[in-house]
Amino acid sequence: MTSKHYETVDSLDTLKEAIKRTRAAQEVYATYTQEQVDKIFLAAATAANVNKIPLAKQAVEETGMGRVEDKVIKNAFAAEYIYNAYRDTKTCGIIEENKEYGYSRVAEPVGLVSAIIPTTNPTSTAIFKCLLALKTRNALIISPHFRAKHATIEAAKIVLEAAVAAGAPENIIGWIDEPTYELAQHLMEDSDLILATGGPNMVKAAYSSGTPAIGVGAGNVPAVIDDTADIQLAVSSIIHSKTFDNGVICASEQSVIVVDSIYKAVKNEFIKRGCYFLKADEAEKVGRTVIKENGSVSAEVVGKSAHYIAELAGVKVPEDTKILIGEVTKTEAVEPFAHEKLSPVLAMYHATNFDEAVDKAETLVFIGGNGHTSSIYLDEKKCPEKVAQFEAKMKTCRIVVNTPSAHGGLGDLYNFMLAPSLTLGCGSWGGNAVSENIGVKHLLNIKTVAERRENMLWFRAPEKVYFKRGCLPVALEELKTEYNKKKVFIVTGRHTFTSGGLKPITDKLDAMGIDHKAFFGVLPDPTIECAREGAEQMRAFQPDCIIAVGGGSAMDAAKIMWVLYEHPEADFADMAMRFCDIRKRIYKFPKMGEKAMFVAVPTSAGTGSEVTPFAVITDEKNGIKYPLADYELMPDMAIVDADLHVTAPKGLTAASGIDAASHALEAYASMMATDYTDSLAIGALKTIFKYLPKAYENGDDLEAREKMANAATMAGMAFANAFLGVCHSMAHKLGAYHHIAHGVANALMLDEVIRFNSAEAPTRMGTFSQYDHPHTKERYAEIADALGLGGRTADDKVERLIAALDELKATVGIKPTIKDYVPEEAEFLATLDEMSLNAFDDQCTGANPRYPMISEIKNMYLRAYYGNDSKK
């Protein structure tokens, strides 16, 4: 035992000085290395273990509670098991690191920990908390219980002196010599963390102190014995637990609920093992003695022997009685035996069946053991469903199975994954912040260092993209030769069908002996009703291949039919759920292609839908457009044959051509642009500027048609991976509200969006790891350079790009302002606010390099409406 003299702490002034000394020591200790700390941890644990017997004796002599032999075990547990659990745990500096991801976690001490120590475990809990503090480079000041202060302080001294001898700073551990509520309160208020183990009033004071606190709740542990249980194991385990240290451990059983079919056998086993069943009048006496009128346990009985308690109650029992058992029926608070008793006194209840036993256990936990521990005995291998039922009902943070609950709750004795601890968190059910056994991690501040990293990027396209005039019949041969397809369902629009546009496809299918059926009810802005009608025909036909023929509407409709054919349960609202990163979306898109492969054959050069994972469908009942985006919607094969494009009228050629240009522009400006998408976008733009006017002026110019077909597909591949931006968001809504062709709607917004995105000091920039600063002006300038537009400065180049786009639009007959298409100003203004809000919420907005405010979108709409008009 120790003999060194320490400054006495018995007043507020001396406590303040002690806190000052201890904080100074902790500042030094916080600089220690893991090697130094581990050396101190070992020395302290060794000293505590060596002194486990004298400390146990002193605890019993001072408190009159428990048994020396059992307190020896608890002291050994606090030293040996805690050391073993954390000997190799990193608690200093970097404790976790992933250099590839630029991620590390750094452990730092919390500072000064105040430790409230209970009278029931005055030495073991002190050892436990001192060791945790030393392992985590914290300082600790103990507030002992006044009835156990000498034993607690002696334990602290032993640990401190061993730690100092091993190199720890002087005063790293301190204590209050003459504990009072006021001193404990000041200590808690002036510390950095509270470890509170004690009565409910002290724990409540800890939580109301204003300092972060880890407290524990009361235990009122029920033990259910099912009729599948090993009765001998169950009874012996409960006796072992309940008699350990005379029942002072809060995780020990307070009541036993036994299924009727084995009740008599269980009772006889308890009697055989030395327990005493109280008669009705005796139970009444013992109940009044053990539990006070307010429902709390009497201090006179805590940790006393069964014989002592019986004698105190005026009941005569054999001197070697292990447990006093009261057979009771009430599970309400008025029943003394229904409460936590912290002594070898036990309640025993009948239950007609397992369900009733569980219900009674649930009620007993509610009376006074919320969050703590519950226990069950049964054949867990044969009855896993009963374990699950018990677990679901119990609002306890520890559920021990076929285990002495006092020992089981402490951890590492009967289950080696449950952390060893002498402070058991009870979660929110018990009014605690922690729901597990307290350990070193709860005494650490963890700093997470996250270095900027750019996420892995991707490039995805259909497995096969065939292109060249006349390639259609050759590409279709693979349906037979490579895929052995038997039945093809063709989706197209009425015009393509009635004009004979499907003949090259159906002739080839007939020649290969492949059965086919056509659906030609697709209109512009395809609807859910249309998609459902097509899917119903698909289900009747049961195709193993779907061919979409036409522009964006036909391909969008076909994609939706494909989804409904393979997954009729799919919900459009779920599939259209917005996402910030397609890889992290909440909704998981259904797996496609298990019934049919998808082939896309465009008949116009614009949407790029043949190579994109996008589709838009309109709910005809409410007008809501559902934009769907997922790589499951990517076609398996795209066939780009310009021979199918030559009949496209001028208006469609213009609108689709400018749509392709907007795809390339937005893909290049996108935050998610890559070298792969950039080359495609630039290549597409150069081709469009050169060949769109030619294709517009002369639809029979086969070279221009082929070049535009390729450009549209290239732009599609670019935005399929880099995505689009706010221009498309605004175009979607403008087209929906005012029935303007999608390509034209994009054309009307391009000028405003380019100027908007070119701001070097935007209100908000977009959020994506690879987008490190606003630089879209430079990106647009690069496009101008690629197009050979000239210009000395970035600003000049951007204006030249806008001028070139305006010239291109004019060349293909697209008017300059929204007002040219929506002449009724009042009609436009009436929809403006709603359009602006919905454009902000459009899926395309997320990849825009400048994150737009709704008011900014509104202003762009207004400027695009009035153009150069003085009212803009």
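Data block above holds the structure.
Heads up: these notes are all about the structure in this document. This is a predicted model, so every value here is computed, not measured.

### As for the packing of aromatic side chains
- In total, this model carries 16 aromatic pairs according to the counting rule given.
- An aromatic cluster of three or more residues is present, and its members are Trp458, Phe614, Tyr631, Phe719 and Phe723.
- Across from the ring centre of Tyr565, 5.0 Å away, lies the NZ or CZ of Lys595, which sits over that ring.
- A cation over an aromatic ring shows up here: Lys650 above the ring of Tyr696, its NZ or CZ 5.0 Å from the ring centre.

### Considerations on the side chain of Lys386
- Position of Lys386 among the secondary structure elements: in helix 14 (residues 384–393).
- Lys386 sits in the buried class, given a relative accessible area of 18%.
- Beyond its immediate chain neighbours, meaning those up to four positions away, Lys386 contacts Asp226, Asp227, Thr228, Phe354 and Leu378.

### Looking at the packing of helix 25 (residues 726–738) against helix 29 (residues 825–840)
- Close contact between helix 25 and helix 29 brings their axes to 10 Å; oriented N to C, the two are set at 140 degrees. With respect to each other, helix 25 and helix 29 are oriented oblique. With respect to the hand of their crossing, helix 25 and helix 29 are arranged in right-handed fashion. Each of Ser729, Met730, Lys733, Leu734, Tyr737 and His738 in helix 25 lies in contact with helix 29, whose residues at this interface are Glu827, Phe828, Thr831, Glu834, Met835, Asn838 and Ala839.
- Residue composition of the contact of helix 25 with helix 29, grouped by class: six nonpolar, four polar and three charged.

### Section: the nonpolar core
- In this structure, Leu734, Met749, Ile818 and Tyr861 are the most contacted members of the largest nonpolar core, which totals 85 residues.
- No other element matches helix 23 (residues 675–697), which puts 11 residues into this core.
- Listed in part, the 70 residues of the second largest apolar core include Phe41, Ile127, Ile141 and Ile176.

### Some remarks on the packing of helix 23 against helix 24 (residues 702–722)
- One way to put it is that helix 23 packs onto helix 24 with a least axis distance of 8 Å and a crossing angle of 150 degrees. Classified by the interaxial angle, the pair formed by helix 23 and helix 24 is roughly antiparallel. Seen from above, helix 23 lies across helix 24 with left-handed handedness. Judged by residue contacts, Thr677, Leu680, Ala681, Gly683, Ala684, Thr687, Ile688, Tyr691, Leu692, Lys694 and Ala695 of helix 23 engage Glu703, Ala704, Arg705, Lys707, Met708, Ala711, Met714, Ala715, Met717, Ala718, Asn721 and Ala722 from helix 24.
- Residues that form the contact of helix 23 with helix 24 fall into these classes: 15 nonpolar, four polar and four charged.

Analysis parameters
Residues numbered from 1 in each chain as written. Predicted model: local features only at pLDDT ≥ 70, side-chain atom pairs only at ≥ 80, totals over all residues. Heavy atoms only, no water. Phe/Tyr/Trp six-rings, centres within 6.5 Å; stacked < 30°, edge-to-face > 60°. Lys NZ or Arg CZ within 6 Å of the ring centre and 35° of its normal. Helix = DSSP H or I, 4+ residues; strand = E, 2+ residues; numbered from the N terminus. Buried < 20%, exposed > 50% of the residue type's maximum accessible area, 1.4 Å probe, protein only. Contact = heavy atoms within 4.5 Å. Axes fitted to C-alpha atoms, helices over the stretch in contact; angles between N-to-C directions. Parallel < 35°, antiparallel > 145°, perpendicular 65-115°, else oblique. Left-handed = near helix turned anticlockwise from the far one by under 90°. Nonpolar A, V, L, I, M, F, W, Y, C, P; charged D, E, K, R; others polar. Core = buried A, V, L, I, M, F, W, Y, C linked by side-chain atoms within 4.5 Å.

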